[in-house]
Amino acid sequence: MKLDSKIPEGPIGEKWTKHKFKLKLVNPANRRKYDIIVVGTGLAGSSAAASLGEMGYNVKAFCFQDSPRRAHSIAAQGGINSAKNYRNDGDSVYRLFYDTVKGGDYRAREANVHRLAEVSVNIIDQCVAQGVPFAREYGGLLDNRSFGGAQVARTFYARGQTGQQLLLGAYSALERQVNEGTVKQYTRHEMLDVVTVDGVARGIVTRDLVTGEIESHSAHAVLLCTGGYGNVFYLSTNAQGCNVTAAWRAHKKGALFGNPCFTQIHPTCIPVSGDHQSKLTLMSESLRNDGRVWVPAKVGDKRLASEIPESERDYFLERKYPSFGNLVPRDVASRNAKEMCDLGKGVGASGLAVYLDFADSIKRLGEDAVRAKYGNLFDMYAQITGENPYKTPMRIYPAVHYTMGGLWVDYNLSTTVKGLYALGEANFSDHGANRLGASALMQGLADGYFVIPSTLSDYLAEIGPKAIDATHPAFAEAVKAVKDRTNKFLAINGTKTANEYHKELGKIMWEYCGMARNEAGLKKAQKMIQELRADFWKNLKVTGEAGELNTTLERAGRVADFLELGELMVVDALNRNESCGGHFREEYQTDENEAQRDDDNYAYVAAWEYKGDNQPEELHKEALVFENVKLTQRSYK
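Please read all numbers here as calculations on a predicted model, not as lab measurements.

1. Examining the environment of Ile-452
Item 1. Here Ile-452 shows up in helix 11 (residues 440-463).
Item 2. In this structure Ile-452 comes out as buried when scored by relative accessible area, which is 0%.
Item 3. Through-space distance from the C-alpha of Ile-452 to that of Asn-412 is 7.3 Å; in sequence the pair is 40 residues apart.
Item 4. Apart from residues no more than four positions distant in its own chain, Ile-452 is found in contact with Ala-48, Leu-223, Asn-412, Leu-413, Tyr-421, Leu-423, Asp-447 and Ser-457.

Here it is in structure tokens:
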């Protein structure tokens, strides 16, 4: 298989503009003849469905939640980046592009990142027009704050609930189209397979999560906007329902999976408190604007924070990275927090935490000013921990948050299956080996509002409006395969729940393919996952029936896919003999314990092709060419 990224010719600042002009258009009168399926209704899905519906296409929007408003995009807190330079502090489209490529440790495709930076300027105008209540300065102008990996203030925000407000804006646009009749909404439906005819995506198979009915739906194109796969680790900041099934089903139908080992560990999370937890809670990266990260200078110092004088505190991020301080990128901050805890300087009962202290900011700005910026985040922390963060430092520790890997897509967001597209976190395209904070919301809305309406039209114009034959045998075959798989889960009748297997997988992944990896550990993990998967298919217990609301059945399908994905992540990490961004191989680090890339051998996207159950996947490489950013050792000092 030859990978064609379809990157346009010409200077990077002109690629997207010229490319849009060359893309074919669909006559407005013909758009109603096309059917489009959008799976997922987070920021990428809602914005795409709303935009395509507004253009006049017939859209079917699917989500497994009871409302599009339940999508996990709602959990994003700190903000959304845009190169508007409202602060007049030196920002520009090129600087946002440069910061993003550098932040991703030079493992992203330049053309996609520059387009993202260009489009970011339009996103804010779109959202303001929708009524998104961004924070404003005293004079009424939109406010900005800083985020990790940048020395300018380019992050627009709505207190600590930016994702919720942006999703409500996209949801409002979506529901308008539902009311207009251009979008038909399917809630409580989970996609379980892609229907392909002669290698071309023609629809999907879903399960009605309330009735258990298996259905097929046809369309001229299928858009996957289903988020990331961080829950392969079991404990993550993702909602419990977040899963990889839609993307993994597409992968098994021919869509290559790009850079699966590139997962992001967020440094600012409430530490694990016990085995009872089903997820972890993120404390926004925006807190690092005003909070200072520190640990006791002495190993094993178990005094309360209030008992440790200033002279005996180690503000390790400020010490090691004076230029960026507490606003270093997430991968750097996470590794350093882990290093402090490994040295025995961790705080709290477990020793797996560092302090995030607002005492200086409260003294400088006043408690009311801090409350105005971060009040809901502080309230959330107090409710979960029972501690008052205005009086005592927060305790934080890294946790799995975002996945930079995903389905491989070209410049048009098309997967290697014709007619199948992947948007937002479901694709691999924009963040390289590490995502900068406040860029996830930016990518989701960029893909949905501004990219896919142009690139999808080009494909639709090419294939023409001829109706899709929903009676083709491929649809019946896909439905039968889904039913057979469902019955297989029910027939095992073992003794262990899918949740138990998920927990075991999560522990393996976190221990051997988490913040740090090494060859021996990864090889051990691969063997452990293979054994766990074999046991899963022999000893799984699923209660209930197929034709009813059955959450244990839902969980079984998702965990089965996580078990396969987990092994591919380990294989991908084993194959990449370098450290870059969130992929930290202990064998490959600088004298100062920073990630050491190998650009001569690994400046490529690893795109994996499924070759059959229990068969090794085949690696394809998309070479990354850097014409505008010089490859250098990343430094935030």
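2. Concerning the domain arrangement of the chain
Item 1. The assigned domain composition of the chain is domain 1 (266-400) and domain 2 (474-599).
Item 2. Between the C-alpha centres of domain 1 and domain 2 the distance comes to 31 Å.
Item 3. At the junction of the two partners, domain 1 supplies 10 residues and domain 2 supplies nine residues.
Item 4. Counting the surface lost from both domain 1 and domain 2, the interface buries some 830 Å², and carbon and sulfur atoms represent 57% of this.
Item 5. Three residues stand out in domain 1 for area buried against domain 2, namely Asp-275, Arg-335 and Lys-338, and they jointly supply 50% of the buried area on that side.
Item 6. Connecting domain 1 to domain 2 are two residue pairs in polar contact (both at pLDDT 80 or more).
Item 7. Residue assignment for the side of domain 1 that touches domain 2 shows that the elements contributing at least two residues are helix 8 (330-342) and strand 15 (394-403).
Item 8. In terms of residues, the side of domain 1 that touches domain 2 owes the most to one element, helix 8, which gives five residues.
Item 9. Counted by class, the side of domain 1 that touches domain 2 contains four nonpolar, one polar and five charged residues.

3. A few points about unusual backbone geometry
Item 1. With a phi angle near 55°, Arg-188 is a residue other than glycine that sits in the positive phi range.
Item 2. Relative to the elements of secondary structure, Arg-188 occurs in the loop between strand 5 (183-186) and strand 6 (189-197).
Item 3. Relative accessible area serves as the criterion here: at 24%, Arg-188 is assigned to the partly exposed category.
Item 4. Positive phi outside glycine occurs at Asn-593, with the angle close to 65°.
Item 5. Tracing the backbone through its elements, the reader meets Asn-593 in the loop between helix 15 (551-575) and helix 16 (599-602).

Calculation criteria
- Residues numbered from 1 in each chain as written.
- Predicted model: local features only at pLDDT ≥ 70, side-chain atom pairs only at ≥ 80, totals over all residues.
- Heavy atoms only, no water.
- Helix = DSSP H or I, 4+ residues; strand = E, 2+ residues; numbered from the N terminus.
- Buried < 20%, exposed > 50% of the residue type's maximum accessible area, 1.4 Å probe, protein only.
- Contact = heavy atoms within 4.5 Å.
- Domains from an automatic or database assignment.
- Buried area = accessible area lost by both parts, 1.4 Å probe.
- Polar contact = N/O pair within 3.5 Å; in protein donor to acceptor, adjacent residues only side chain to side chain.
- Nonpolar A, V, L, I, M, F, W, Y, C, P; charged D, E, K, R; others polar.

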